[in-house]
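Residues per chain, in single letters:
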Amino acid sequence: MKVLIAVNEFKGSLTSLEIGEIISDKLTSNYDYISSIVQPIADGGDGFLSIFQGFNKEKFTTINAAHEECDVNYLINLEKKEAVIEVAEVIGIKYLTEEQKNPHITTTVGLGKLISFLLDKGIEHFIIGLGGSATNDCGIGMLNELGIKFSDEYGATCKHGINELKKISNINTELVNDKLKNSRFTIISDVNNPLIGPNGSTYVFSKQKGLKEIEFQKVDSYIERFANLVNIKTNLNNALKEGSGAAGGLGFAFMTFCNATIQSGSQFMINYLGLEEIIQKMDIIVTGEGKLDRQSYMGKAPIEIAKIAKKFNKKVIFLAGSILDDELKDLSPEDENLIDASFSIQRKFTSLNTAMNKKVSKANIENTIIQIFNLLEFYNEY
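These numbers were taken from a predicted model, which means no experiment stands behind them.

### With respect to the overall build of the protein
- Counting its secondary structure elements, the protein contains 16 helices and 13 strands.
- Radius of gyration (C-alpha) of the protein: 22 Å, near the 21 Å computed for a compact globule of 382 residues.
- Overall, the protein is about 80 × 50 × 35 Å in size when its C-alpha atoms are taken along their principal axes.
- If you take every contact in the protein between residues at least 6 apart in sequence, the share linking residues at least 24 apart comes to 73%.
- For the protein, the exposed area adds up to about 17,700 Å²; of that, 47% sits on carbon and sulfur atoms.

### Details of the pairing of strand β4 (residues 69-77)
- In terms of burial, β4 is a largely internal element, seven of the nine residues being buried.
- Here strand β3 (residues 56-63) runs beside β4; their pairing, made up of eight bridges, is antiparallel. Within the sheet, the bridge partner assigned to Lys59 lies in β4 and is Asn73.
- In this structure, the hairpin formed by β3 and β4 is closed by a connection of five residues, where His67 is found at a positive phi of approximately 70°.
- Bridge count between β4 and strand β5 (residues 82-86): three bridges; the pairing is antiparallel. Residue pairing across strands places Asn77 opposite Glu82, the latter belonging to β5.
- Joining the antiparallel neighbours β4 and β5 is a turn of four residues, in which Lys81 adopts a positive phi near 60°.

### Looking at the domain arrangement of the protein
- Taken domain by domain, the protein holds domain 1 (2-41 + 267-381) and domain 2 (48-263).
- For domain 1 and domain 2, the distance between their C-alpha centroids amounts to 31 Å.
- With eight residues of domain 1 in contact, the opposing surface of domain 2 contributes 10 residues.
- The tally of links from domain 1 across to domain 2 stands at zero salt bridges.
- The interface formed by domain 1 and domain 2 holds one residue pair in polar contact (both at pLDDT 80 or more) in total.
- Considering only residue class, the side of domain 1 that touches domain 2 consists of seven nonpolar, no polar and one charged.

### Quick notes on helix α8 (residues 216-234)
- When the terminal C-alpha atoms of α8 are compared, their 26 Å separation across 19 residues agrees well with the 27 Å that a helix rising 1.5 Å per residue should span.
- Of the residues making up α8, those classed as buried are Phe216, Val219, Asp220, Ile223, Phe226, Ala227 and Val230. Across the axial projection of α8, the buried residues extend over an arc of 120°, all falling on one side. Seen from the buried face of α8, the exposed residues on the opposite side, beyond 90 degrees, are Gln217 and Ile232.
- Those residues of α8 that are buried are in contact with α4 (140-145), β7 (149-151), α5 (161-165), β8 (170-172), α7 (201-205) and α9 (246-257).
- Note on α8: the residue one or two positions beyond its end, Asn235, has a positive phi of about 60°.

### So, the packing of aromatic side chains
- The final tally for this structure, using the stated rule, is 16 aromatic pairs.
- With centroids separated by 5.4 Å and ring planes inclined at 40°, the aromatic side chains of Phe185 and Phe254 adopt a geometry described as tilted. Of this pair, Phe185 sits in strand β9 (residues 184-189) while Phe254 sits in helix α9; the two residues are 69 residues apart in sequence, bridging distant segments of the chain.
- On the basis of relative accessibility, which here comes to 0%, the residue Phe254 falls in the buried class.
- Connected via pairs of aromatic rings, a cluster forms that spans Phe48, Phe52, Phe55, Phe268 and Tyr272.

### Regarding the environment of Gly139
- Tracing the sequence through the fold places Gly139 in the loop between β6 (125-129) and α4.
- The class of Gly139 is buried, set by a relative accessible area of 0%.
- For the pair Gly139 and Phe254, spaced 115 residues apart in the sequence, the C-alpha separation amounts to 8.2 Å.
- Setting aside its immediate chain neighbours within four residues, Gly139 contacts Thr108, Gly249, Leu250 and Ala253.

### So, the sheet that holds strand β13 (residues 341-344)
- Read from one edge of the open sheet, five strands run β2-β1-β11-β12-β13, paired in parallel fashion. Each edge of the open sheet is held by one strand with a lone partner, namely β2 (35-38) and β13. Within this sheet the neighbouring strands show an average axis-to-axis angle of 25°, counted without direction.
- Two elements, strand β12 (residues 315-323) and β13, share four bridges in a ladder whose sense is parallel.

### Structural notes on the pattern of salt bridges
- Enumeration over the complete set of coordinates arrives at 16 salt bridges.
- As a salt-bridge pair, Glu277 and Lys281 come within 3.9 Å of each other at their nearest N and O atoms.
- Residue Lys281 is classed as exposed on the basis of its relative accessible area, which comes to 52%.
- Through salt bridges with shared partners, one network takes in Lys11, Asp46, Glu86 and Lys94.

### Some remarks on the state of the cysteines
- For the structure on display, the rule yields zero disulfides.
- Just so you know, Cys138 is unpaired, no disulfide at all, and the nearest cysteine sulfur is the one on Cys158, 13 Å from it.
- Of the residues examined, Cys138 reaches a relative accessible area of 1% and is grouped as buried.
- Free of any disulfide, Cys258 has its nearest neighbouring cysteine sulfur in Cys138, separated by 14 Å.

### Brief notes about the sheet that holds β4
- Strand order in this open sheet of six strands is β3-β4-β5-β6-β9-β10, and the pairing throughout is mixed. In this open sheet, the two edge strands, each paired with only one partner strand, are β3 and β10 (260-264). Adjacent strand axes in the sheet meet at a mean angle of 25°, parallel and antiparallel pairs treated alike.
- Direction of pairing for β5 relative to β6: parallel, over a ladder of five bridges. Each residue of the ladder has a partner; that of Glu86, found in β6, is Gly129.
- Against the sheet, helix α3 (residues 109-120) touches β3, β4, β5, β6 and β9, its axis set at about 130° to β3.

The rules behind these values
- Residues numbered from 1 in each chain as written.
- Predicted model: local features only at pLDDT ≥ 70, side-chain atom pairs only at ≥ 80, totals over all residues.
- Heavy atoms only, no water.
- Helix = DSSP H or I, 4+ residues; strand = E, 2+ residues; numbered from the N terminus.
- Rg over C-alpha atoms; globule rule 2.2 N^0.38 Å.
- Contact = heavy atoms within 4.5 Å.
- Areas by Shrake-Rupley, 256 points an atom, 1.4 Å probe, with all protein chains shown as cover.
- Buried < 20%, exposed > 50% of the residue type's maximum accessible area, 1.4 Å probe, protein only.
- Pairing = 2+ DSSP bridges.
- Domains from an automatic or database assignment.
- Salt bridge = Lys/Arg side-chain N within 4 Å of Asp/Glu carboxyl O.
- Polar contact = N/O pair within 3.5 Å; in protein donor to acceptor, adjacent residues only side chain to side chain.
- Nonpolar A, V, L, I, M, F, W, Y, C, P; charged D, E, K, R; others polar.
- Expected span 1.5 Å × (residues − 1).
- Arc of directions from axis to C-beta.
- Phe/Tyr/Trp six-rings, centres within 6.5 Å; stacked < 30°, edge-to-face > 60°.
- Axes fitted to C-alpha atoms, helices over the stretch in contact; angles between N-to-C directions.
- Disulfide = S-S within 2.5 Å.

Have a look at this one:
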């Protein structure tokens, strides 16, 4: 029996590679008839760097979304003049405390510092995974580091968070980094939301970043005003385009001020890894992510992998930290049939912090996967 293990990162707990190796080790040591392949996956968010080959991993000192100095990983291939950046690694929400989550002041400046550094190193093509950001500033901090300056009516620089975005009255592109003009950006996103409106970055994503619901309408109006200023300056109206709302408006920033194309995170990953060809050779696909809910069916990598598996009549087992059955009861018959069996790895009632502990998660995954394949072995005997 051939098993492909391609599970998304359990955010805040185990990486995609760690989960894959845990499952593979358990299968190898308990079942002689099973061979497994571990494939780390990521659709633009946490763990994005792990899917790439042919790059060197290096570190850069910058600032995170909360203005704190930090060392971040990135990938580089100087021969090809390419670099890969994971936004979640640089200005990710996963690195902030609850007290630090505040889109009024969280900044994308640290991301801009990294891009500027790589431009100076001769990088001409950037592959950037947009998921997992802690910001909602439309990329003004990042753009400031690339030479696109924003100021208020008194000439003061505006580059940090919503508090300064709402004051912007002037945009100056005369100081833009010349190397930016000769570079191109492939932007990878697992969401297709526009920048503004009820399906935009503020209404859909900013609550988890620390913004209160009572502020949504006001902040969305600030962002709409900013987008109108940008439209007047550049004659580019990207605020309603799919993906412009990704990563708190970073999608909008890249579309408007950089030579950028945006791609679906899941489809980019599937094509880059050649997953369709791999899946054809497998018998069972083990996939999953931290939570199985309605959003899982909105372009997330595990469900997109399941679609390919079903194209070739393969069985799909889904592992999750939690499963929200109430959200799944209204799925279409087609979506319901994508997963043959889903399992929460939780073995007992426990706190979220305990459940996300690496040792606890590892033990829960091991116990769950053994029970699943014991059942399959029992079934095969008959």
